[in-house]
Amino acid sequence: MSHGMNRNQPTPRIESAGLDGWLVRLFSTIDVANLAWLGALARRCEAAFGEALVDLVPSYTTLLVVFDPLRLSPEAARRRLADLLADLLADPAPEQETEAGEFHELLTWYDPSVGPDLERVAQHANMSLEAVIDCHAGQTYRVFALGFAPGFAFMGLLDRRLEVPRLDTPRQRVPVNSVAIAGRQTAAYPAVSPGGWNLLGRTTARLFDRDREGFSLLRVGDRVRFVPVDRATFERHGGDATPMETRPRGRAYE
Amino acid sequence: MSEYTVIGLRVERAGPLALLQDAGRFGVRRLGVTQGGPADLHGWAWANRLAGNVWGTPVLEVTFGGLALVAERDLSIAVAGADLAATLDGEPLALWRPVSIKEGQTLAFGTPRNGLRAYLALAGGFRAEPVLGSVSCVVREGLGGFDGHGGKLAAGDRLAVSGEAGERVAREAVSVPEPPDYTAPATLALLPGAQVADFTGASLYAAFNSRWRVDDRADRMGVRLTGPRLNCRIGSLISEGIGLGAVQVPPDGQPIALLNDRQTIGGYPRLGALTPLAASRLAQCLPGQEARLVATSSERALCDYRLFRRSLER
């Protein structure tokens, strides 16, 4: 992938995020190229803050750095971040120090019984069901952020043809492992939860496992491909083919 | 600290919400896992201090009351935070001080008299298997607590405690602060954030000069404040990490202060963030209570936070 000269050059700002946090804003738009810079910054923060580092929350364009204000005052933390950013920007190619993230293939059974919005998405896109599946499964996505629930990975960018808004009324109960789309993003639900995304199918992957090293299957920067399988294969790999009700219901969750 | 674990208390009545909380779950927010931990850090820390425990020892956070526990052995306890009309065998329980209770005695919480969340600590602490580095119970995520899966307490549960729970009593004299008056209007110190200038002038004036009311849409994720409508020139942002106490303003113009169980990322513009002690104070407000927002500096907030932590060490 090649980029224009200035396309993904960071324009950092350090913003207040409370007594124990600074939000480093590196970019103003979502771009796959942001991931390498944000990943490089996160690693440098880990090295530079050491014991004073409490948490890091990377997202599409930002990195929230949470520190212990008793070990490092907010002002000292800000100065440390400013130094890190100066070094980072002086580095000609932080991307080269970044591994491209792990690659995952998520076996997915696309079917209206487990993907109750598949047909509506097809109508919206004026495509056949098969074409919708081919389109969704036809590209490799990157994980931009985790949030909403443990192990819930926001992936993109989805093909424009499949761009549909969230449901007007979110479902109260989305089954675990549901594969979903909203806007130009796709995701799979690691656990049963409320949700307003459009459901296309179900995967066999174990997305969040407290007994696994690292807990979450997917991490920011990882690459993900959905692999269509038939019902028999889906079930052979442990998939739960229990159909869900197709009618969205329940109260509005944000 | 003793390594062995015994059964210390039996749940006779679970009440609406009683959750095990250590200092919180850290280092895993990048996986979408929330912070957890005590909604009122101040009350939680004092309960531990009075029970002779170190910072971070697991404590029961009792919201609204209703919980009734029977001691299965002699225990040294302390209850700080809210006054939820707790009794020991029917007699009023002394709050904000170490108390010894005997096997067979019943510790029961009533309804709120001053504040919303009481913290029950016992010498040596409650015991549970940490999940992702913490025992903090987050029901929504199914993490932590006594069962490890974020389960609420149920009648009949028998709660594990440190083996030294009955042996150790906080013997040293502790200078205890005057228990806060949580029923008074809350003054909440706020550190202005990056989008503060995106609010209209009239809205900024209103934000810091109005009486806000604590809404009943309030839980460990966040507390909504109702009052004048605040208008921001930006409707939403690309989702980004949100810190404890962040005050976000959705398009309806009514701010929401985000607490310990908040989602890890979000996209509403923010006025700023409450200080840790202000977030604690808000967590003790009942619906309908009055609150004011007061802008502060990080120097001032750090000074207050250091004083609070030092007062626990004496």
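Nothing here was measured: the structure is a model prediction, and the numbers come from that model.

With that settled, consider helix α4 (residues 298-313) of chain B. The terminal C-alpha atoms of α4(B), which comprises 16 residues, lie 23 Å apart, in line with the 22 Å expected from a rise of 1.5 Å per residue. Residues of α4(B) that are buried: Ala301(B), Leu302(B), Tyr305(B), Phe308(B), Arg309(B), Ser311(B) and Leu312(B). The inward-facing, buried residues of α4(B) abut α2 (74-90) of chain A together with α1 (41-50), β12 (186-192) and α3 (276-282) of chain B.

Once that is clear, we can look at the sheet that holds strand β2 (residues 21-25) of chain A. All names here are of chain A. Spatially, β1-β2-β4-β3 is the arrangement adopted by the 4 strands of the open sheet, whose pairing is antiparallel. Of all strands in the sheet, those with a lone pairing partner are β1 (13-16) and β3 (53-58), marking the two edges. Direction aside, the axes of adjacent strands within the sheet are offset by 20° on average. Sheet analysis places β1 next to β2, joined by 4 bridges and oriented antiparallel. For serine 16, the partnering residue across the bridge sits in β2 and is tryptophan 22. In the packing of helix α1 (residues 34-49) onto the sheet, contacts are made with β2, β3 and β4 (62-67), and the angle to β4 comes to roughly 15°.

With that settled, the discussion passes to the confidence of the model for chain A. All names here are of chain A. On average, residues of chain A carry a pLDDT of 91, and 90% of them reach 70 or more. Here residues 1-6 is modelled with pLDDT under 50, and outside its nearest four sequence neighbours on either side it reaches 3 contacts, counting other chains as well. When the criterion is pLDDT under 50, residues 248-254 qualifies, and its contacts beyond four places in sequence or with other chains add up to 17 contacts.

Here we take up the sheet that holds strand β10 (residues 185-188) of chain A. Residue and element names in this part refer to chain A. The 7 strands are arranged β5-β12-β9-β10-β7-β6-β13 in a closed barrel whose pairing can be described as mixed. The mean inter-strand angle of the sheet, taken between neighbouring strand axes irrespective of direction, is 40°. On the sheet, helix α3 (residues 118-125) packs against β5 (103-110), β9 (178-182) and β12 (198-203) and is oriented at approximately 130° with respect to β12. Along the sheet face, helix α4 (residues 129-137) touches β5, β6 (141-146), β9, β10, β12 and β13 (223-228) and points at about 155° away from the line of β13.

This brings us to unusual backbone geometry. Between Gly156(A) and Leu157(A) the backbone carries a cis peptide bond, its omega angle lying at -5°. Relative to the elements of secondary structure, Leu157(A) occurs in the loop between β7 (153-156) and β8 (171-174). At Phe64(B), a residue that is not glycine, the phi angle is positive and equals roughly 70°. With respect to the helices and strands, the residue Phe64(B) is situated in the loop between β3 (59-63) and β4 (68-71). Overall, Phe64(B) belongs to the partly exposed group, its relative accessible area being 40%. One non-glycine residue, Leu132(B), adopts positive backbone phi at about 55°. Locating Leu132(B) in the fold gives a position in the loop between β10 (114-122) and β11 (158-162).

Judged by nonpolar contacts, the single largest core of 48 residues is most densely connected at Trp46(B), Leu188(B), Leu230(B), Leu271(B), Leu274(B), Leu282(B) and Leu293(B). It is α1(B) that provides the largest number of residues to this core, a total of 6 residues. If near-sequence neighbours (up to four positions away) are discounted, Leu230(B) is found in contact with Phe199(B), Ser203(B), Ala206(B), Ala207(B), Trp212(B), Val249(B), Gly253(B), Pro255(B) and Leu271(B). Ile133(A), Cys135(A), Ala137(A) and Leu143(B) belong to the second largest nonpolar core, which has 35 residues in total.

It is worth spelling out the packing of aromatic side chains at this point. Here the structure, examined in full by the defined rule, presents 13 aromatic pairs over all chains. With centroids separated by 5.1 Å and ring planes inclined at 65°, the aromatic side chains of Phe152(A) and Phe154(A) adopt a geometry described as edge-to-face. The two residues Phe152(A) and Phe154(A) agree in class, both being buried. Between Trp44(B) and Trp55(B), the aromatic rings sit 5.1 Å apart at their centres with planes inclined by 90°, giving edge-to-face as the arrangement. Note that Trp44(B) is positioned in helix α1 and Trp55(B) in the loop between α1 and β3, a separation of 11 residues in sequence. Residue Trp44(B) is classed as buried on the basis of its relative accessible area, which comes to 0%. With relative accessibility at 35%, the residue Trp55(B) sits in the partly exposed group. Among the aromatic residues, those joined into a cluster by ring pairs are Tyr60(A), Phe144(A), Phe148(A), Phe152(A), Phe154(A), Tyr189(A) and Trp197(A). Sitting over the face of the ring of Trp22(A), Arg78(A) holds its NZ or CZ atom 5.0 Å from the ring centroid.

Next up on the list: the environment of Ala48(A). Among the secondary structure elements, Ala48(A) is positioned in helix α1. Discounting chain neighbours no more than four positions away, the residues touching Ala48(A) are Arg80(A) and Leu84(A).

Residue and element names in this part refer to chain B. Of all 5 residues in strand β2 (residues 17-21), 4 are buried, a share of seventy percent or more. As defined by bridge partners, β2 adjoins β3 across 5 bridges and the pair is classed as antiparallel. Considered in β3, the bridge of leucine 19 is made with glutamate 61.

On to the interface of chain B and chain A. In this complex, chain B contributes 41 residues to the contact, which on the side of chain A involves 41 residues. Of the roughly 3,200 Å² buried between chain B and chain A on both sides combined, carbon and sulfur atoms contribute 63%. Per-residue buried area on chain B facing chain A is highest for Arg30(B), Leu31(B) and Ile238(B); these three make up 23% of the total on that side. The tally of links from chain B across to chain A stands at 3 salt bridges. Among the ionic pairs, Glu46(A) bridges to Arg30(B), the shortest N-O distance being 2.7 Å. At the boundary of chain B with chain A, the tally comes to 9 residue pairs in polar contact (both at pLDDT 80 or more). Where the side of chain B that touches chain A is concerned, the elements lending two or more residues are β12, β15 (240-241), β19 (270-274) and α4 of chain B. Broken down by element, the residue count for the side of chain B that touches chain A peaks at 6 residues, all from α4(B).

Both faces of the sheet carry side chains from a regular strand, because those side chains alternate between them. Residues and elements named next belong to chain B. For β10, the tally of buried residues reaches 9 of 9 residues, placing the bulk of the element in the interior. In terms of strand pairing, strand β5 (residues 75-83) meets β10 through 6 bridges, oriented antiparallel. When the bridges of β10 are listed, alanine 80 appears paired with tyrosine 119.

This paragraph deals with the environment of Gly65(B). Examined against the element boundaries, Gly65(B) turns out to sit in the loop between β3 and β4. Note: C-alpha distance between Gly65(B) and Pro98(B) (33 residues apart in sequence) is 20 Å.

Quick notes on the rules
Residues numbered from 1 in each chain as written. Chains lettered and ligands numbered in written order. Predicted model: local features only at pLDDT ≥ 70, side-chain atom pairs only at ≥ 80, totals over all residues. Heavy atoms only, no water. Helix = DSSP H or I, 4+ residues; strand = E, 2+ residues; numbered from the N terminus. Expected span 1.5 Å × (residues − 1). Buried < 20%, exposed > 50% of the residue type's maximum accessible area, 1.4 Å probe, protein only. Contact = heavy atoms within 4.5 Å. Pairing = 2+ DSSP bridges. Axes fitted to C-alpha atoms, helices over the stretch in contact; angles between N-to-C directions. pLDDT = per-residue confidence, 0-100. Core = buried A, V, L, I, M, F, W, Y, C linked by side-chain atoms within 4.5 Å. Phe/Tyr/Trp six-rings, centres within 6.5 Å; stacked < 30°, edge-to-face > 60°. Lys NZ or Arg CZ within 6 Å of the ring centre and 35° of its normal. Buried area = accessible area lost by both parts, 1.4 Å probe. Salt bridge = Lys/Arg side-chain N within 4 Å of Asp/Glu carboxyl O. Polar contact = N/O pair within 3.5 Å; in protein donor to acceptor, adjacent residues only side chain to side chain.

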